[in-house]
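What follows is the residue order along each chain.
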Amino acid sequence: MKKRDFLNKAVAFSGPSNSGKTTLIEKLAKVLTKDFQVLVIKHDPKDKAKFDTEGKDSYKFFQTGADTVVLSPTRTTYFSHQARDVEEIVELFNFDYLLVEGLKEINLPRISIFRGKIEDSYLPYSDAIAIDETVDLTNKDLTNLDILDLNNTQQILEWIEKNAKVVK
């Protein structure tokens, strides 16, 4: 059997809390996974994410300090006690599209997401912004950025196809 070639295209998303990053990534992943292998990496800068359920075997194994992998007929889940950088994670997986939430310091094409107002601190890291009708663009110099409709998943997918970076 011939090994399938993967597209290995990556793009990142940033924005303030509750701007819609997770919702947008979820919508994009639902569309993309119909035809492609998708990997999502979410940054947890405050180390507050919770994994698994207390009392379950995988929880008990992880609590021992061991890295834990759960294999099932439909998925593989990997929990590690070691911090990994994006490059290490990327090498572990085959994918067509990598969608990264956060991690402003990595060099990927980036869409910043805003509702209500644009927070200028995100703009130096952005290649595009995705906004809804609650954002007023008056008095904003956004000439170097593509402006996308946050509620138009197809338009955002087209931007990703055109601008995503091949990462391996």
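This report concerns the structure included in the present document. Everything numeric in this text was worked out from a predicted model, so none of it was measured. (Residues numbered from 1 in each chain as written. Predicted model: local features only at pLDDT ≥ 70, side-chain atom pairs only at ≥ 80, totals over all residues. Heavy atoms only, no water.)

### Some remarks on helix 1 (residues 21–32)
At step 1: Counted at 1.5 Å a residue, the expected span for helix 1 with its twelve residues is 16 Å, and the 16 Å between its end C-alpha atoms agrees.
At step 2: Restricting attention to buried positions, one finds in helix 1 the residues Lys21, Leu24, Ile25, Leu28, Ala29 and Leu32. Taken down its axis, helix 1 places every buried residue within 130 degrees of arc, on the same side.
At step 3: On its buried face, helix 1 is in contact with strand 1 (9–14), strand 2 (38–42), strand 5 (97–101), strand 6 (110–114) and helix 4 (153–163). (Helix = DSSP H or I, 4+ residues; strand = E, 2+ residues; numbered from the N terminus. Expected span 1.5 Å × (residues − 1). Buried < 20%, exposed > 50% of the residue type's maximum accessible area, 1.4 Å probe, protein only. Arc of directions from axis to C-beta. Contact = heavy atoms within 4.5 Å.)

### Points about the packing of helix 1 against helix 4
At step 1: Remark: helix 1 packs on helix 4, axes separated minimally by 10 Å, with the N-to-C direction vectors making an angle of 75 degrees. Looking at the two axes, helix 1 sits roughly perpendicular to helix 4. Residues Leu24, Lys27, Leu28, Val31 and Leu32 of helix 1 form the contact with helix 4, whose own contacting residues are Thr153, Ile156, Leu157 and Ile160. (Axes fitted to C-alpha atoms, helices over the stretch in contact; angles between N-to-C directions. Parallel < 35°, antiparallel > 145°, perpendicular 65-115°, else oblique.)

### Brief notes about a nonpolar patch on the surface
At step 1: A cluster of nonpolar residues, Val69, Leu71, Tyr78, Leu92 and Phe93, forms a patch on the protein surface that exposes about 480 Å² of accessible area.
At step 2: Residue position: Tyr78 is located in strand 4 (residues 76–79). (Patch = residues over 30% accessible without salt bridge, like charges linked within 9 Å, V, L, I, M, F, W, Y side chains within 5 Å. Areas by Shrake-Rupley, 256 points an atom, 1.4 Å probe, with all protein chains shown as cover. Salt bridge = Lys/Arg side-chain N within 4 Å of Asp/Glu carboxyl O.)

### Some words on the layout of surface pockets
At step 1: Put simply, the second largest pocket is a space of about 190 Å³.
At step 2: As for the second largest pocket, its lining consists of Thr22, Ile25, Glu26, Ala29, Thr33, Val38, Leu39, Val40, Lys42 and Glu101.
At step 3: Elements with a minimum of two residues in the lining of the second largest pocket: helix 1 and strand 2.
At step 4: Partitioning the lining of the second largest pocket into residue classes produces five nonpolar, two polar and three charged. (1 Å grid on protein atoms, 1.4 Å probe; cavity = no way out; pocket = protein on both sides within 12 Å on 5 of 7 lines; lining within 4 Å. Points joined across faces, edges and corners; volume = space filled by probe spheres on them. Nonpolar A, V, L, I, M, F, W, Y, C, P; charged D, E, K, R; others polar.)

### With respect to the pattern of salt bridges
At step 1: Taken as a whole and assessed by the stated rule, the structure comprises five salt bridges.
At step 2: Two residues, Glu161 and Lys9, come together in a salt bridge whose shortest N-O distance is 2.6 Å. Of this pair, Glu161 sits in helix 4 while Lys9 is found in strand 1, placing the two residues 152 residues apart along the sequence.
At step 3: Using a relative accessible area of 15% as the deciding quantity, one classes Lys9 as buried.

### Focus on the environment of Ile129
At step 1: The topology assignment puts Ile129 in strand 7 (residues 128–131).
At step 2: Along the sequence, Ile129 and Ile147 sit 18 residues apart, while their C-alpha atoms lie 5.1 Å from each other.

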